[in-house]
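As a plain string of letters, each chain reads:
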Amino acid sequence: MIKYLIFDLDWTLIKSNKINTLQALHCVKKVDENYLEKAKYIFWTTAWMNVFDQLKMIFIDKNFTEKEIHQIWEKIYKSIRKKENEIEFFKWVPEKIKEFSKNYKLFLTTWNSTKFAKDVLEIWWIKECFELIYWSDEIKKWFQHINIFKNYSEDENFYKNSIYFWDWDMDKLFANEANIKFVRIWDFEEDWNEVLDSVKNIDKILKKIKDNW
């Protein structure tokens, strides 16, 4: 039985990747512009990682301390939060989230800061639709987030009763580790059993899964 829906935020619910990346690159350039091209490559190829670990990869040969990396990390989040009013949801997402929250318990895990996520959701009056909201400024790892969600639910079958919506292939691996059904939100042609072009079309996946439960 499907009881729980787990969502990513960036580029699954909101159009934020461009703003996030530009702000992160701007902060890297301020630290050392010679690392700008490397940062572009790292941010693109490891978009599923948390920012702290991405920064460690970018500046690995500078031997920064954890504290110094954390300071850069905080500057990135502060700069992104200044842009939160420019963020757009994909069409019909706020309406669908409100609809889903009536029948399922919703959870959110995001690359961005938890404060950013809550503020963006609050703008559209849907923060209260989610049971828990987590990401890398509090707890860095996806699987830890999922375990927190499971413990919160007090449901031994949480993984079995969940569906995980995200936009990167790597996330499918994390979902598979927990035996959670995974649906990729991605706007191009592919097998629709696994890929959707928008959250607004989740109903067809939910119906198919229920029919085959």
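Residues numbered from 1 in each chain as written. Predicted model: local features only at pLDDT ≥ 70, side-chain atom pairs only at ≥ 80, totals over all residues. Heavy atoms only, no water.

Moving on, we get to the nonpolar core. Within the largest apolar cluster, 49 residues are counted, with the highest numbers of intra-cluster contacts made by Leu-5, Phe-7, Leu-13, Leu-55 and Phe-130. No other element matches helix α4 (residues 66–81), which puts 6 residues into this core. If sequence neighbours within four positions are ignored, Phe-7 has contacts with Leu-13, Ile-97, Phe-100, Leu-106, Phe-107, Leu-108, Thr-109, Phe-130, Phe-165, Val-199 and Ile-202. Ranked by size, the runner-up nonpolar core spans 15 residues in total, among them Tyr-4, Tyr-134, Ala-175 and Ala-178. (Core = buried A, V, L, I, M, F, W, Y, C linked by side-chain atoms within 4.5 Å. Buried < 20%, exposed > 50% of the residue type's maximum accessible area, 1.4 Å probe, protein only. Helix = DSSP H or I, 4+ residues; strand = E, 2+ residues; numbered from the N terminus. Contact = heavy atoms within 4.5 Å.)

Turning our attention to the pattern of salt bridges. Evaluation of the coordinates by the stated rule reveals 9 salt bridges. A salt bridge links Lys-40 to Glu-37; its shortest N-O distance comes to 3.2 Å. With Lys-40 and Glu-37 both in helix α2 (residues 36–45), this residue pair falls 3 residues apart, about one helical turn. Residue Glu-37 is classed as exposed on the basis of its relative accessible area, which comes to 54%. A single salt-bridge network, built from bridges that share partners, covers Asp-53, Lys-56 and Glu-66. (Salt bridge = Lys/Arg side-chain N within 4 Å of Asp/Glu carboxyl O.)

Now for α4. The first and last C-alpha atoms of α4 sit 22 Å apart over 16 residues, in line with the 22 Å expected at 1.5 Å per residue. Looking at α4, one finds that the buried residues are Ile-69, Ile-72, Trp-73, Ile-76, Tyr-77, Ser-79 and Ile-80. Down the axis of α4, the buried set is contained in an arc of 165°. They therefore lie on one face. Facing away from the buried side of α4, by more than 90 degrees, are the exposed residues Lys-67, Lys-75 and Lys-78. (Expected span 1.5 Å × (residues − 1). Arc of directions from axis to C-beta.)

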